[in-house]
Amino acid sequence: MSEGGVLFVDHAGVLGGAELSLLDLSAAFGAGSEVLLLADGPFREALESRGVRVHVEALGALKHVKKETRIPGPAAFADAARIATHVSKRAKSHRVIYANSQKAFVVAAAAGLFARRPVVWHLRDILAPPHFSGTNVRAAITLANLRAARVIANSRATAAAFTGAGGHESLVRVVHNGIDPAPFDAVTIESATAARAALRLPAGAFVVALFGRFHPWKGQQVLLEALARLPRVHALFVGAPLFGEEAFASALQAQAARTGVADRAHFLGFRADVPELMRAADVIVHASVYPEPFGRVIVEGMLAERPVIATRAGGVTEIIDDETGVLVPPNDAAAMAQAIESLAADPSRAANLAARGAARARAGFSVTAMVRGVEEAIRDLI
Ligand code: UDP
Ligand code: GLC
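Conventions used here
- Residues numbered from 1 in each chain as written.
- Chains lettered and ligands numbered in written order.
- Predicted model: local features only at pLDDT ≥ 70, side-chain atom pairs only at ≥ 80, totals over all residues.
- Heavy atoms only, no water.
- Helix = DSSP H or I, 4+ residues; strand = E, 2+ residues; numbered from the N terminus.
- Rg over C-alpha atoms; globule rule 2.2 N^0.38 Å.
- Contact = heavy atoms within 4.5 Å.
- Areas by Shrake-Rupley, 256 points an atom, 1.4 Å probe, with all protein chains shown as cover.
- Lys, Arg positive; Asp, Glu negative; His and termini not counted.
- Charge placed at Lys NZ, Arg CZ, Asp CG, Glu CD.
- Phe/Tyr/Trp six-rings, centres within 6.5 Å; stacked < 30°, edge-to-face > 60°.
- Buried < 20%, exposed > 50% of the residue type's maximum accessible area, 1.4 Å probe, protein only.
- Axes fitted to C-alpha atoms, helices over the stretch in contact; angles between N-to-C directions.
- Parallel < 35°, antiparallel > 145°, perpendicular 65-115°, else oblique.
- Nonpolar A, V, L, I, M, F, W, Y, C, P; charged D, E, K, R; others polar.
- Near = heavy atom within 4 Å.
- Polar contact = N/O pair within 3.5 Å; in protein donor to acceptor, adjacent residues only side chain to side chain.

### As for the overall build of the protein
For the protein, the count of helices and strands is 15 helices and 13 strands. Taken against the 2.2 N^0.38 rule, which gives 21 Å for 382 residues, the C-alpha radius of gyration of the protein at 21 Å falls within 12% of a compact globule. Overall, the protein is about 60 × 40 × 35 Å in size when its C-alpha atoms are taken along their principal axes. Summarising the internal contacts of the protein: among those between residues at least 6 apart in sequence, 68% fall at separations of at least 24. Of the accessible surface of the protein, which amounts to about 15500 Å², a share of 55% is contributed by carbon and sulfur atoms. Put simply, the protein has 40 plus and 36 minus side-chain charges, and the middle of one group is 5 Å from the middle of the other.

### Regarding the packing of aromatic side chains
Using the criterion set out here, one finds six aromatic pairs in the structure. Both rings, one in F8 and one in F29, keep their centres 5.5 Å apart while their planes meet at 90°; by these two values the pair is edge-to-face. Of the two residues, F8 is situated in strand β1 (residues 6-10) and F29 in helix α1 (residues 17-29); the sequence distance between them amounts to 21 residues. On the basis of relative accessibility, which here comes to 1%, the residue F8 falls in the buried class. Under the relative-accessibility criterion, F29 is labelled buried at 2%. Geometrically, the ring pair formed by F105 and W121 is stacked, given 4.4 Å between the ring centres and 5° between the ring planes. Taken as a pair, F105 in helix α4 (residues 102-115) and W121 in strand β5 (residues 119-123) lie far apart in primary sequence, 16 residues in all. W121 shares its class with F105; the two are buried. Chaining the aromatic ring pairs together yields one cluster made of F8, F29 and Y98.

### As for the side chain of K218
Here K218 shows up in the loop between β8 (206-211) and α9 (220-227). What makes K218 buried here is its relative accessible area of 14%. What K218 contacts, discounting residues up to four positions off in sequence, is L210, R213, A287, S288 and E292.

### Remarks on the packing of α9 against helix α10 (residues 246-258)
Relative to each other, α9 and α10 sit at 5°, their axes nearing to 10 Å. On the basis of their axis angle, the class for α9 and α10 is roughly parallel. From α9, Q220, Q221, L224 and E225 reach across to α10, where they touch F248, L252, Q255 and A256. Tallied by class, residues from the contact of α9 with α10 come to four nonpolar, three polar and one charged.

### Brief notes about the site of ligand 1
Residues in contact with ligand 1 amount to 16 residues; listed here are only the nearest, R213, K218, R271, R296 and E300. Here K218 contributes a side-chain N or O atom positioned 2.7 Å from an oxygen atom of ligand 1. In this structure, R296 approaches ligand 1 through a main-chain N or O atom, which is 2.9 Å from an oxygen atom. When ligand 1 sits alone it has 550 Å² of accessible area, and the protein chains cover 90% of it.

Encoded structure:
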C-alpha cells in the first residue's frame, strides 16, 4: 500500500475474532496505514508487537451503548461527535477510513464526512434479530446506504443479512477470513502432550474443546448439556466473557454443578495457546445457537487437524460441510452428543474428516487471499 494508506478503526481493546482478523490484515498493509482503537487493551499490545502503527482514543459514554439498545442517550451522541472529530483529523493523512466494527462505523461515517474521505465498513455481524434489535438494524443499514463507500462482508451469509435488511447490494464484497497455519504447524507432539498433561485429565479421557468468548449465542450451555449425556467425555471451555457477559459465565459454572458434570467441564479462561490446546483435544466443537457470521475457530480446528463439529447456520456452511466435518442443528444438545459419540466410536472416520478439513482450510482460507480480497475491494477508493 502507498504512503497515506488506510486508517483502520476498531472500538475494542480486547482480542475478539474481529480484532484477530484485523491484526493480520493491518500488518499486511504496512507502514502507510494505522490502527485507531477506541479502547485500550491487549489488542493494542498485539498490534504493536506485529509492528503496526496504533493509536488509542478511548470512548466515554458511547462505550455503554449495547447492540440491543434501542436509542442511545445524548451523552453517547456527544461522545461520538468528540471521537469523530479526532478520527477525522487523523484521517487527513490517510486515503480511506476503514471501520472494523459497527460502533467504529458510526464514528467513521461522521469522520468521513468531516475529512472528506471514503468510508469502508468491514461487516462482521449478521445484522438481524436475535443478534440485533430491529431498530439497531434499520439504523445501521440506513447509515451504511448513506455513508459507506464499500461494505466488506466476512461471509455470504453476512452479506445476505445486510442486503435482506435493505442494504444496497452494489456496496457489498464478500471476503472470507484467512488464518495463518504457521502456529498450528509449529505444534509438536511434545508440546501438545505437555499442554494435555497440564490439564490433569484422567488418562484415556476423550476430550472435546469449545473455543470462544462467553456469550449465550456461542452455545457453551449446549455443550454442557451434551456433556451430561456423555459420561466418559471431558470438555474444555476456552475463552472468557470479553464484552461484559460475566453473569453468563457464572451461570455456566452453576449449570455444570447442577447437572453433575463439574468434574468433566474444564473452564480454562482466555488463552494465548489455542493451537496447542486444539491439538491436545480429540474433537473441536463450535456450538453457536444463532447464525455465526463466519467463525474463525472452525478454520482453526481444521488447521489443527482435528475433526470439527459445527452448527449448521450462517457463514459456517461456507467453511465446512459433511465431507470436511460434522454439521449439527443449532441448539440441539442431543444431536451434539450424538455427533461427539459417533466420532469417539469411529477414530478412522474422525481422522479422515480431520485430514480433509485441514486440506480445505489451507486451500480456502489463507491470509494472503484475505489481504488480496480486501485490497481488491477497496482499490478504486485508494
Ligand atoms: N480465542 C483466543 N483465546 C481464547 C478463545 C478464543 O485466542 O481463549 C480466539 C480464537 O482462536 C479465534 C477468536 O478468538 O481466533 C474467536 O473468533 P471467532 O471468529 O470464532 O468468534 P468471535 O469471537 O469473533 O465471534
Ligand atoms: C465476528 C464474528 C465471527 C467472525 C469474526 C471475524 O466477531 O462473530 O463469526 O469470525 O468477526 O470476522
